[in-house]
Amino acid sequence: MKETPLSNCERRFLLRAIEEKKRLDGRQTYDYRNIKISFGTDYGCCIVELGKTRVLGQVSCELVSPKLNRATEGILFFNLELSQMAAPAFEPGRQSDLLVKLNRLLERCLRNSKCIDTESLCVVAGEKVWQIRVDLHLLNHDGNIIDAASIAAIVALSHFRRPDVSVQGDEVTLYTPEERDPVPLSIHHMPICVSFAFFQQGTYLLVDPNEREERVMDGLLVIAMNKHREICTIQSSGGIMLLKDQVLRCSKIAGVKVAEITELIQKALENDQKVRKEGGKFGFAESIANQRITAFKMEKAPIDTSDVEEKAEEIIAEAEPPSEVVSKPVLWTTGTAQIGEGIENFWGDLEDSGKEDEDEGGSDEAIILDSIKMDTGVEVTNIGSQDAPIVLSDSEEEEMIILEPDKNPKKIRTQTISAKQEKATNQVKKPVKKRKKKRAAN
Amino acid sequence: MAMEMRLPVARKRLSESLGRESKKHLVVPGDTITTDTGFMRGHGTYMGEEKLIASVAGSVERVNKLICVKALKTRYNGEVGDIVVGRITEVQQKRWKVETNSRLDSVLLLSSMNLPGGELRRRSAEDELAMRGFLQEGDLISAEVQAVFSDGAVSLHTRSLKYGKLGQGVLVQVSPSLVKRQKTHFHDLPCGASVILGNNGFIWIYPTPEHKEEDAGGFIANLEPVSLADREVISRLRNCIISLVTQRMMLYDTSILYCYEASLPHQIKDILKPEIMEEIVMETRQRLLEQEG
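Residues numbered from 1 in each chain as written. Chains lettered and ligands numbered in written order. Predicted model: local features only at pLDDT ≥ 70, side-chain atom pairs only at ≥ 80, totals over all residues. Heavy atoms only, no water.

**Considerations on the overall build of chain A**
At step 1: A count of helices and strands for chain A gives twelve helices and 16 strands.
At step 2: Counting across all 442 residues of chain A, residues that qualify as buried make up 36%.
At step 3: Pairs at least 24 apart in sequence give 70% of the contacts found in chain A among residues at least 6 apart.
At step 4: Accessible surface, chain A as shown: approximately 27700 Å² in total, 53% of it carbon and sulfur. (Helix = DSSP H or I, 4+ residues; strand = E, 2+ residues; numbered from the N terminus. Buried < 20%, exposed > 50% of the residue type's maximum accessible area, 1.4 Å probe, protein only. Contact = heavy atoms within 4.5 Å. Areas by Shrake-Rupley, 256 points an atom, 1.4 Å probe, with all protein chains shown as cover.)

**Things to note about the overall build of chain B**
At step 1: Counting its regular elements, chain B contains five helices and 17 strands.
At step 2: The burial tally for chain B puts 44% of its 293 residues in the buried class.
At step 3: Of the roughly 16900 Å² of accessible surface on chain B, a fraction of 52% belongs to carbon and sulfur atoms.

**Focus on helix α5 (residues 274-292) of chain B**
All names here are of chain B.
At step 1: With 19 residues, α5 extends 27 Å between its outermost C-alpha atoms, agreeing within 8% with the 27 Å of an ideal straight helix rising 1.5 Å per residue.
At step 2: Within α5 the residues assigned to the buried category are Ile276, Met277, Glu278, Ile280, Val281, Thr284, Arg285 and Leu288.
At step 3: In the core, the buried residues of α5 are packed alongside α3 (228-246) and α4 (253-263). (Expected span 1.5 Å × (residues − 1).)

**Side note on the sheet that holds strand β16 (residues 193-197) of chain B**
The pairing of strands in a sheet comes from backbone hydrogen bonds and takes either a parallel or an antiparallel form.
All names here are of chain B.
At step 1: Reading across the sheet, the four strands line up as β14-β17-β16-β15 and stay open at both edges, with antiparallel pairing between neighbours. Both edges of this open sheet fall to β14 (170-173) and β15 (186-188), since each of them pairs with a single strand only. Taken pair by pair, the neighbouring strands of this sheet meet at an average axis angle of 20 degrees, ignoring direction.
At step 2: Relative to strand β17 (residues 202-207), β16 is paired through five bridges, and the arrangement is antiparallel. Residue pairing in the sheet places Ile196 in a bridge with Trp204 of β17.
At step 3: Taken strand by strand, α3 contacts β14, β16 and β17, and its axis lies near 160 degrees from that of β17. (Pairing = 2+ DSSP bridges. Axes fitted to C-alpha atoms, helices over the stretch in contact; angles between N-to-C directions.)

**Quick word on unusual backbone geometry**
Residues and elements named next belong to chain A.
At step 1: In this model, Lys21 sits at a positive phi of 60 degrees, which is unusual for a non-glycine residue.
At step 2: In this model, Lys114 sits at a positive phi of 55 degrees, which is unusual for a non-glycine residue.
At step 3: One can find Lys114 in the loop between α2 (96-110) and β5 (122-124).
At step 4: Classification of Lys114 by relative accessible area gives exposed; the value is 58%.

**Comments concerning the UniProt feature "domain: Exosome complex component N-terminal" (unreviewed entry) in chain B**
At step 1: Per the UniProt record, "domain: Exosome complex component N-terminal" (unreviewed entry) is annotated on residues 26-63 of chain B.
At step 2: Secondary structure across residues 26-63 of chain B divides into 0% helix and 55% strand, with the first and last C-alpha atoms of the span separated by 16 Å. (UniProt positions renumbered as here; feature names shortened; annotations may be inferred.)

**Side note on the nonpolar core**
At step 1: Residues Leu136, Phe196 and Ile265 of chain A are the most contacted members of the largest nonpolar core, which totals 67 residues.
At step 2: Among the elements that take part in this core, helix α3 (residues 145-159) of chain A stands out by supplying eleven residues, more than any other.
At step 3: Ignoring any residue separated from it by four or fewer positions in sequence, one finds Phe196 of chain A in contact with Leu205, Leu206, Val207, Gly219, Leu220, Leu221, Ile223, Cys250, Ile253 and Ala254 of chain A.
At step 4: With 32 residues, the next largest nonpolar core counts Cys240, Val245, Leu251 and Tyr260 of chain B among its residues. (Core = buried A, V, L, I, M, F, W, Y, C linked by side-chain atoms within 4.5 Å.)

**Structural notes on the pattern of salt bridges**
At step 1: Applying the stated criterion across every chain, the model contains 21 salt bridges over all chains.
At step 2: Among the ionic pairs, Arg181 of chain B bridges to Asp82 of chain B, the shortest N-O distance being 2.5 Å. With Arg181 of chain B in the loop between β14 and β15 and Asp82 of chain B in the loop between β7 (66-71) and β8 (83-92), this pair connects stretches of sequence that are 99 residues apart.
At step 3: Using a relative accessible area of 3% as the deciding quantity, one classes Asp82 of chain B as buried.
At step 4: Two residues, Arg287 of chain B and Glu261 of chain B, come together in a salt bridge whose shortest N-O distance is 2.7 Å. Of this pair, Arg287 of chain B sits in helix α5 while Glu261 of chain B is found in helix α4, placing the two residues 26 residues apart along the sequence.
At step 5: Residue classification places Glu261 of chain B among the partly exposed positions, given a relative accessible area of 33%.
At step 6: By sharing partners, the salt bridges in this structure join Asp25, Arg27, Arg33, Asp142 and Asp208 of chain A into a single network. (Salt bridge = Lys/Arg side-chain N within 4 Å of Asp/Glu carboxyl O.)

**Considering helix α1 (residues 8-19) of chain A**
At step 1: Taking 1.5 Å per residue as the helical rise, α1 of chain A with its twelve residues ought to reach 16 Å, and the 16 Å between its terminal C-alpha atoms agrees with that figure.
At step 2: Looking at the packing, one finds that the buried side of α1 of chain A touches β11 (192-199), β12 (204-207) and α4 (211-216) of chain A.

**Quick notes on the sheet that holds strand β5 (residues 51-54) of chain B**
Residues and elements named next belong to chain B.
At step 1: Spatially, the three strands line up as an open sheet ordered β2-β5-β4, and their pairing is antiparallel. Pairing within the sheet leaves two strands with one partner each, and these edge strands are β2 (32-34) and β4 (45-48). Sheet twist, expressed as the average angle between the axes of neighbouring strands with direction ignored, equals 45 degrees.

**Considering the pairing of β12 of chain A**
At step 1: The pairing of β11 of chain A with β12 of chain A spans four bridges and is classified as antiparallel. Opposite Phe196 of chain A, over in β12 of chain A, you have Val207 of chain A as the bridge partner.

**Details of the packing of α4 of chain B against α5 of chain B**
Residue and element names in this part refer to chain B.
At step 1: Contact pair α4 / α5: the axes reach a minimum separation of 9 Å and the direction vectors enclose 130 degrees. Put simply, α4 runs oblique to α5. The element α4 and its partner α5 pack so that their crossing is right-handed. Mapping the contact onto sequence places Thr254, Ser255, Tyr258, Cys259, Glu261, Ala262 and Ser263 in α4 and Ile280, Glu283, Thr284, Arg287, Leu288 and Gln291 in α5.
At step 2: Grouping the constituent residues of the contact of α4 with α5 by class yields five nonpolar, five polar and three charged. (Parallel < 35°, antiparallel > 145°, perpendicular 65-115°, else oblique. Left-handed = near helix turned anticlockwise from the far one by under 90°. Nonpolar A, V, L, I, M, F, W, Y, C, P; charged D, E, K, R; others polar.)

**As for the packing of α3 of chain B against α4 of chain B**
Residue and element names in this part refer to chain B.
At step 1: At a minimum axis separation of 9 Å, α3 and α4 run at an interaxial angle of 110 degrees. One finds that α3 runs roughly perpendicular with respect to α4. Judged by the twist between their axes, the crossing of α3 over α4 is right-handed. From α3, Val233, Arg236, Leu237, Cys240, Ile241, Ser243 and Leu244 reach across to α4, where they touch Ser255, Ile256, Cys259, Tyr260 and Ser263.
At step 2: For the contact of α3 with α4, the class distribution of residues is eight nonpolar, three polar and one charged.

**Some details on the state of the cysteines**
All names here are of chain A.
At step 1: Counted by the stated rule, this structure contains zero disulfides over all chains.
At step 2: Cysteine Cys193 shares no disulfide, and the gap to the nearest cysteine sulfur, in Cys109, comes to 3.8 Å.
At step 3: Classification of Cys193 by relative accessible area gives buried; the value is 1%. (Disulfide = S-S within 2.5 Å.)

**Details of the side chain of Thr100 of chain B**
Residues and elements named next belong to chain B.
At step 1: Checked against the element boundaries, Thr100 lands in the loop between β9 (95-99) and β10 (106-113).
At step 2: Here the side chain of Thr100 touches Ser106 through a polar contact of 2.7 Å, side chain to side chain.
At step 3: The contacts of Thr100, once residues within four sequence positions are left out, are Tyr76, Val84, Val85, Gly86, Ser106, Leu156 and Asn200. (Polar contact = N/O pair within 3.5 Å; in protein donor to acceptor, adjacent residues only side chain to side chain.)

**Examining the confidence of the model for chain A**
Do not read the predicted coordinates in detail wherever pLDDT is low.
All names here are of chain A.
At step 1: With 72% of its residues at a pLDDT of 70 or more, chain A shows a mean pLDDT of 78.
At step 2: Across chain A, the secondary-structure element scoring lowest on mean pLDDT is helix α9 (residues 366-370), at 40, and the one scoring highest is α3, at 95.
At step 3: Within the model, the stretch residues 352-397 combines pLDDT values under 50 with 43 contacts to residues more than four positions away or in other chains.
At step 4: Here residues 407-442 is a poorly scored stretch, pLDDT under 50, and it has 49 contacts once near neighbours within four places are set aside; other chains count. (pLDDT = per-residue confidence, 0-100.)

Here you go:
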């Protein structure tokens, strides 16, 4: 299936947000997403989750004859596959460009850096060597495949144990895992790729772009480094011009990030080792949580609310001042108190103001919230009309009628306009809000 | 800052007692439609073991001797005369590729496009070079289906002043089977906005233009800021359309208008809550039934 094109307004929104140093998921410019590493029951099988991007890595080994020009070295074979479940755009014949690029980068990162000691993979020189095969499958694509894949590859290789072999003279004995414990591979260092996405011709840079950010980026710089700050591979794609100091800065950032990630990897490997030794449960069934559709669980999203206060002040400053609300209750007798004085009685001029109501359809709804305290009085009348007749006097009455609590237990609300309120309405120049009496129409 | 929290609630089944005259014959892929071999096979069916079997999930439609299954969730299948709203994905030699939610990208030929100024002449090489000035990747257009190729790809044309590039507005993407086929798909709703109901499921809501621009030919995008009142009407319409879609109601100008009016007592953002959606659509449905019968 072809990818749905990104709309112009979404593209503009993403670029504007990046200009204001905001990312959609709340990360900072140099932040990585959460990296989660889980191991399977077999040695050499792992799943790495970088945010929502998931890569499955599996290492296997086989005894083969070596290459003719490298008779004393083992063979390494890397393969990254973009499975169709990763993204709708990945189809069996379709993703060749991206696939070739990722595979090539992975090979350069892992093979050319000589992180695995291939000499130690030799069993009988010229006849039998170990062929180590690393298969990586992309399970979900949410951006930055190369980072996740490189982490998965190196973790799987570090986790893997090959069967033990002993050579006595001409005899080669291959021990099964039951006879002798399998032996880990000899890994010199862990090269890890760090991706930098550039926007607006190199003005803005983001580490670990997610899928949306990748769609709008101008160029990508990938630096593969190990924790000893040795650069294994650098690749710049997208055709942007990068300045020397930009590349140097990126390499410094990459150094910091790689140190963090390597520490994470070591911890994960140690944990798994401990669990296996203690005889506890290990494997994907334990480490990957059940994701049920019917259960509600969300990860904490870091949200920056520091500028919320400023904006709220702007809104309050521009809004009209709320009308006066008398908050003190006035106690007339025991059991009867009055809070506020209600608003004017509009029932007389409903027909005239019907047309005006339609014009004001688009009026601010924010201010209605302020006057809800006053309007609840009118609500009561509408609901109350179902159980008892309510005496709603016109503005003729001047005095207030106080009901004795024992005579009339029902709440009957009288609406009066006293002299005080008339003065108040005259002073407040703003037009009184006319609510639409939708309920009354029913 | 006030926050609203709601707990998950089981969704109620759509009540089936509201005005369905005849029960539709619904099938899923693999269901037998009929064992009678006298019928002709239409779309969505295939013959297997002397039975007519459905290959898509939908409702069975019978016209005399032709049986076909109309799928409910499907990509847009073009038919001549349909109005579609699409997005330009590629600019090629002498044509544009338009994404219209169908299996293949639709094609808009340069010769099917009106030149600015309405002149009628053969398109020259300069026109070809200036194509990007008319429509670029990412632009939205409204067009009509001129022809359907044998592989199902659709050829569009904008040979009328009412079609062309779309300016400011909101696009809602729904399933094509929910848009009712009517005489006209361009509606100026009395609530203050206009809507284009594309047959391909792309619905475009935009502020009603003040005066009809005859000479522009639909290429000059009006980029003046839209007023707050218009924006509120458009957002409310968009939320109403979303609520109609979740309740699987057919979309046409009357249903959208009734839904808009039913939603007026609520705040715009409240319309998206499931309970209020059900309430509004129930009211709309009742009003539509009253209007019919």
